[in-house]
Amino acid sequence: MATDLQKASIWKRISAWLFDGILFGILAVAAGVMLSWALGYDGYAQQLEQGYAKYESEYGVTFEISQAEFEAMTEAERVNYNAAYEALIADTDAMYAYNMMMNLTLVVLSLAILMAVAVIEWLIPMKLGNGQTPGKKIFGLCLMRTDGVMLNNMQLFTRSLLGKYTVETMIPVLIILMIYWGTMGVMGTLVLAVLLLTQLGCLLFTRTNSAIHDLMAGTVVVDYGSQTIFKTTEDLIAYQKKVAADRAARAIY
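The paragraphs below set out a description of the structure included in this document.

**Quick word on the pattern of salt bridges**
Overall, the coordinates contain six salt bridges when judged by the stated rule. Across the pair Asp223 and Lys12 runs a salt bridge whose closest N-O atoms are separated by 3.2 Å. Taken as a pair, Asp223 in strand β2 (residues 219-223) and Lys12 in helix α1 (residues 10-39) lie far apart in primary sequence, 211 residues in all. With a shortest N-O distance of 2.9 Å, Glu121 and Lys164 are connected by a salt bridge. With Glu121 in helix α5 (residues 92-128) and Lys164 in helix α7 (residues 153-180), this pair connects stretches of sequence that are 43 residues apart.

**So, α7**
An α-helical segment advances 3.6 residues per turn. Residues three or four places apart therefore align on the same side. The sharpest bend along α7 comes to roughly 40°, located at Tyr165. Directly after α7, the chain includes Gly182, whose backbone phi takes a positive value near 80°.

**Observations regarding the packing of α5 against α7**
Taken N-terminus to C-terminus, the directions of α5 and α7 make an angle of 155°; their axes are 10 Å apart at the nearest point. In terms of axis orientation, α5 runs roughly antiparallel to α7. For the pair α5 and α7, the sense of crossing is right-handed. Class assignment for the residues of the contact of α5 with α7 results in 17 nonpolar, four polar and three charged.

**Comments concerning helix α2 (residues 41-59)**
When the terminal C-alpha atoms of α2 are compared, their 27 Å separation across 19 residues agrees well with the 27 Å that a helix rising 1.5 Å per residue should span. Along α2, the positions that sit buried rather than exposed are Tyr44, Leu48, Gly51 and Tyr55. Summarising the axial view, the buried residues of α2 lie within an arc of 50°, below the 170-degree limit, and thus occupy one face. Across from the buried face of α2, at angles greater than 90 degrees, the exposed residues are Asp42, Gln46 and Ser57. The secondary structure elements touched by the buried residues of α2 are α1, α4 (75-90) and α5. Two residues or fewer past α2, Gly60 is found with a positive phi of approximately 70°.

Thresholds applied
Residues numbered from 1 in each chain as written. Predicted model: local features only at pLDDT ≥ 70, side-chain atom pairs only at ≥ 80, totals over all residues. Heavy atoms only, no water. Salt bridge = Lys/Arg side-chain N within 4 Å of Asp/Glu carboxyl O. Helix = DSSP H or I, 4+ residues; strand = E, 2+ residues; numbered from the N terminus. Bend = angle between axes of the 7 residues up to and from the residue. Axes fitted to C-alpha atoms, helices over the stretch in contact; angles between N-to-C directions. Parallel < 35°, antiparallel > 145°, perpendicular 65-115°, else oblique. Left-handed = near helix turned anticlockwise from the far one by under 90°. Nonpolar A, V, L, I, M, F, W, Y, C, P; charged D, E, K, R; others polar. Expected span 1.5 Å × (residues − 1). Buried < 20%, exposed > 50% of the residue type's maximum accessible area, 1.4 Å probe, protein only. Arc of directions from axis to C-beta. Contact = heavy atoms within 4.5 Å.

In structure tokens:
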């Protein structure tokens, strides 16, 4: 066992991350399916689809076309397409279904990811101890405070729900959705690039090679088999005093 920092190898960290990522994906998808069913997402999707089908049939158009296909239309076809689109927009039932689908997409996505993060990164580590996720447990990794003391539940909360969920997951997800929906353009791409570069910089250039979530929580990923982790700060101080006393005794002789 070693008292100095025994940083986990990058390959073990990647392997643990991939294993946990698979479990995370399974849990998030399962939670998303259940939430979609409970909140009636499919019903709104069917209602909107019926609205699309109604006006496509009535005006003889297809709404899902590319910009190039729209530009290739004749003037009369464009007028007819725009009339169909305006009729769809004026349909209050179809627009209500559309707005509900957009809102529920955010709700389901946010809650599904939150549930998966809470289970993999918070509840299971509290049960296993030392911040171990299933992946960390398998590959012999754990978490501790940067001073070598066991992390507490508040640090685990900060690391998982504030760091991983809020900063590293939901902010990028929301930006990507806004880019996809056309409500955010170049600025969203720049924010994503800054987040990515910041994460890479933290992993490569910090003393502990820690990600943003570890820096926020004051934790570090270490090798469980070789790292000494003290239960309390008092235990750490007592050990340091003992080491100092032993060194002083050896120096006398």
